Amino acid sequence: MQEFRNIAVIAHVDHGKTTLVDELLKQSGTYTAHQKVEERAMDSNDLEKERGITILSKNTAIRYKDTKINIIDTPGHADFGGEVERVLKMVDGVLLLVDAQEGVMPQTKFVVKKALSLGLCPIVVVNKIDKPAADPDRVVDEVFDLLVALGANEDQLEFPIIYAAARDGFAKYNMSDESKNLVPLFETILKHVPVPTGSAQNPLQLQVFTLDYDNYVGKIGIARIFNGTIKKNETVLLAKADGEQIRGRISKLIGFHGLDRIDIAEAESGDIVAIAGFETLDVGDSIVDPNNPIPLDPLHIEEPTLSVVFGVNDSPFAGLDGKYVTSNKIAERLESEMKTNIAMRYENAGEGKFKVSGRGELQITILAENMRREGFEFSLGRPEVIIKEENGVKLEPYEHLVIDVPDEFTGTVIEKLGRKKAEMKAMNPTGDGQTRIEFEIPARGLIGFRGQFLTDTKGEGVMNHSFLDFRPLSGEVEHRKNGALISMENGTAMGYSLFSLQERGTLFVDVQYKVYAGMVIGEHSRPNDLDVNPIKGKPQSNVRSSGADEAIKLVPPRKMNLELALEWIENDELVEVTPINIRIRKKYLDPNLRKRMSR
């Protein structure tokens, strides 16, 4: 019988979770001497590497002394809160990482609240103590105040504290100790994380918390064994959340060690393994002993708060860049996404349109970005919040928004947010010329706000938000102030015409960019939409004029990536997404039809 410890690493985005897991893997001797390992090895997906954020929760296992420690690295972004929530049910303790300079942030609150409600006791790791402006004592006080505010019990308030710099690979009990290695952290995990309850002698109970998919073996469920032992090729009973029970065989049993997955013959209570053999496997399902079935409580998954309509690309340039352009292909791809991503939903809205719902814009744009890299072409509508109705009252999602801005911009930011129905809850100067302001705001008010916020604060503001709850619908929220510059011709944009158009607003296209009638080529400086001709060249004649040799100076266009475009558009506009281009267009390309529809 081997000893287990199951822990999750939780923290706000970018406080060093994945870097810490990297070092734990290295210092436990999990990697062999000749193994070459990338930095942030747990972030395996291309987008995770590029953005430096964790999107999917991943698990690994290390051995320290005679104990197997299963570690789950979780995302810090509130949009992926669904991932964190399920994972916490599978562990017996959490490492709460807090940046020694930034302190407690919105998503720290979000993940801690979940952990406390499940009765988990945190080990607080004050990370990045090597930062010049680090203030570990203040951060520990902030964590204590947060736990008190969230109603922690006495055991949870007696949390052990470790000071660390994960990047440099050391941890210590006191700031005055020598900086050597992570042994203090390993020892604290063994001492303070409870041994898993349950016994290998009891009937089998195992619960799935994450799904994976393999073209060869089908659906794979990553699960924790709460009781009993499980063997490969054993006949078991799958108990679904709705009460349905299916008999089947475990065709594959996989154990974890470091970054490797190893085929194993048997696993016992307390371990985290992956299983295959059931095509209808879902998150929250239990696998139990057929002779003595005792299913576990199903997991509660938080509801999506935002939806975006994915549609077939029907612009004049449809099919030029992409490999998959039909509604059948888009439907297939969304269907396969839903197999593993349970925090998202999708429904077929007919006419080649699919309504995809998730926890936030980031989660949906990550899906769209993955699809365009795979060769898909499609259009996206404006994100809309999901409105629920309870007892005849319409409810909308609210967010907790925390903003860090230089002092001189606080007035502008408060005024802009006031128009978006935000309510200010706290305002604290953090020293060094910065102020932290906290708001409660309808999620509708945040759609399209980030771009405006960065402009207002000259790129120095930082905003973070996490889901609060559903509240009664508030009034109208202010929309985009400026209209669009719309091309009225098909062709190639010419420098001569763009030069005269740049006085009318900000352009999104460059010289020689192909445009079509109804495509948005820029933002108008006034509130109304304006039809313009970007393809007009300089008239040629054999008469010399005095202005003939004036140089054309063009302001560089504003480059619209997927997130900016999705935030910028209004209800009558779409984002056209192809593997090579991201364009903004009007829903109705014909100007006469547009006028008729706007009435």
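Here the structure is a predicted model, which is why all the values come from computation and not from measurement.

*Asks:* Mind showing me how you'd approach the overall build of the chain here?
*Replies:* In terms of regular secondary structure, the chain is built from 15 helices and 35 strands. Residue burial in the chain is summarised as follows: out of 599 residues, 52% are buried. Restricting to contacts in the chain with at least 6 residues of sequence separation, those with at least 24 account for 71%. Accessible surface for the chain amounts to roughly 27400 Å². Of this, 48% is attributable to carbon and sulfur atoms.

*Asks:* Just checking my understanding: could you explain the pattern of salt bridges for this structure?
*Replies:* Two side chains that carry opposite charge are able to pair once their charged atoms sit near each other. The full count for this structure, using the stated rule, is 32 salt bridges. Between Arg 558 and Glu 523 there is a salt bridge, with its nearest N and O atoms 3.5 Å apart. Remark: Glu 523 occurs in strand β32 (residues 519-524) and Arg 558 occurs in the loop between β33 (530-532) and α14 (562-568); sequence separation between them is 35 residues. By sharing partners, the salt bridges in this structure join Asp 529, Asp 572, Glu 573 and Lys 586 into a single network.

*Asks:* I keep staring at the nonpolar core and nothing clicks. Help me out?
*Replies:* Looking at soluble globular proteins, one finds that nonpolar side chains tend to be buried together. Ranked by internal contacts, the top residues of the largest apolar core, which has 59 residues, are Val 143, Leu 206, Ile 230 and Ile 287. Setting aside residues up to four positions removed in sequence, Leu 206 forms contacts with Ala 223, Arg 224, Ile 225, Phe 226, Ile 230, Val 273, Ile 275, Asp 285, Ser 286, Ile 287 and Leu 296. Ile 486, Val 520, Ile 569 and Val 577 belong to the second largest nonpolar core, which has 30 residues in total.

*Asks:* For this particular structure, what's the right way to read the side chain of Ser 487?
*Replies:* Position of Ser 487 among the secondary structure elements: in strand β28 (residues 484-487). With sequence-adjacent residues up to four places away left out, Ser 487 is seen in contact with Val 515, Tyr 516, Ala 517, Gly 518, Met 519, Ile 521, Val 532 and Pro 534.

*Asks:* Explain the sheet that holds strand β14 (residues 260-263) to me, please; I cannot follow it from the model alone.
*Replies:* Backbone hydrogen bonds hold the strands of a sheet together, and the pairing may be parallel or antiparallel. If you trace the eight strands from one edge of the open sheet to the other, you get β12-β11-β17-β8-β9-β16-β13-β14, paired in antiparallel fashion. Either end of the sheet is taken by a strand with one partner, and the two such strands are β12 (245-249) and β14. Ignoring strand direction, the axes of neighbouring strands in this sheet form an average angle of 35°. As judged from the three bridges shared by strand β13 (residues 252-257) and strand β16 (residues 272-276), these two strands associate in the antiparallel manner. Looking at the pairing, Lys 252 lines up with Ala 276 of β16.

*Asks:* What's the story with unusual backbone geometry in this structure? I'm lost.
*Replies:* Peptide bonds are, in most cases, trans, and in most cases residues other than glycine have a negative phi. Even without glycine at this site, Asn 233 takes up a positive phi of about 65°. One non-glycine residue, Gln 512, lies in the positive phi region at around 70°. In this structure, Gln 512 sits in the loop between β30 (505-507) and β31 (514-515).

*Asks:* What is the right way to read a nonpolar patch on the surface from this model?
*Replies:* A cluster of nonpolar side chains, namely Met 494, Tyr 496, Phe 499, Val 511, Ile 552 and Leu 554, defines an oily patch on the protein surface of about 440 Å² accessible area. Structurally, the position occupied by Met 494 is in the loop between β29 (491-492) and α13 (495-501). Under the relative-accessibility criterion, Met 494 is labelled partly exposed at 31%.

*Asks:* In this structure, what is going on with the packing of helix α10 (residues 410-419) against helix α12 (residues 449-456)? I would like to understand it.
*Replies:* Pairs of packed helices are described in terms of their axes, by the angle between the two and the distance that separates them. Where α10 contacts α12, the axes come no closer than 10 Å and their chain directions differ by 155°. On the basis of the axis angle, α10 is roughly antiparallel to α12. Judged by the twist between their axes, the crossing of α10 over α12 is right-handed. Contact residues: α10 offers Thr 412, Val 413, Lys 416 and Leu 417, while α12 offers Phe 449, Gln 452, Phe 453 and Asp 456. Class assignment for the residues of the contact of α10 with α12 results in four nonpolar, two polar and two charged.

Criteria and thresholds
Per chain, the residues get numbers from 1 upward, laid out in the order the sequence is written. The predicted nature of this model means local features are confined to residues of pLDDT at least 70 and side-chain atom pairs, given and counted, to a pLDDT of 80 or more, with totals for whole chains, interfaces and linings taken over all residues. The basis for every side-chain value is the complete set of heavy atoms in the structure, and neither hydrogens nor water enter the calculation. Each helix is a run of DSSP H or I of at least 4 residues and each strand a run of E of at least 2, with the numbering of both proceeding from the N terminus. When accessible area is computed with a 1.4 Å probe and restricted to protein chains, residues below 20% of their type maximum are described as buried, those above 50% as exposed, and intermediate ones as partly exposed. By the convention used here, residues are in contact when the closest approach between their heavy atoms is within 4.5 Å. Note on areas: Shrake-Rupley, 1.4 Å probe, and residue coverage restricted to the protein chains presented here. Here, a salt bridge means any Lys or Arg side-chain nitrogen found within 4 Å of an Asp or Glu carboxyl oxygen. Within this scheme, the nonpolar core is defined by two criteria: the residues are buried Ala, Val, Leu, Ile, Met, Phe, Trp, Tyr or Cys, and they are joined through side-chain atoms within 4.5 Å. Two strands qualify as a pair provided DSSP detects at least 2 bridges between them. For helices, the fitted axis covers only the stretch in contact; all axes are lines through C-alpha atoms, and the angles between them, taken along N-to-C directions, range from 0 to 180 degrees. Patch construction takes residues with relative accessible area above 30% that form no salt bridge. Like charges are linked within 9 Å, and nonpolar side chains (Val, Leu, Ile, Met, Phe, Trp, Tyr) are linked within 5 Å. Angles below 35 degrees are treated as roughly parallel, those above 145 as roughly antiparallel, those between 65 and 115 as roughly perpendicular, and all remaining angles as oblique. Crossings are sorted by hand: turned counterclockwise from the far helix by less than a right angle, the near helix makes the crossing left-handed, and turned clockwise it makes it right-handed. Residue polarity is assigned by list, with Asp, Glu, Lys and Arg as charged and Ala, Val, Leu, Ile, Met, Phe, Trp, Tyr, Cys and Pro as nonpolar; anything else, Gly included, falls into the polar class.

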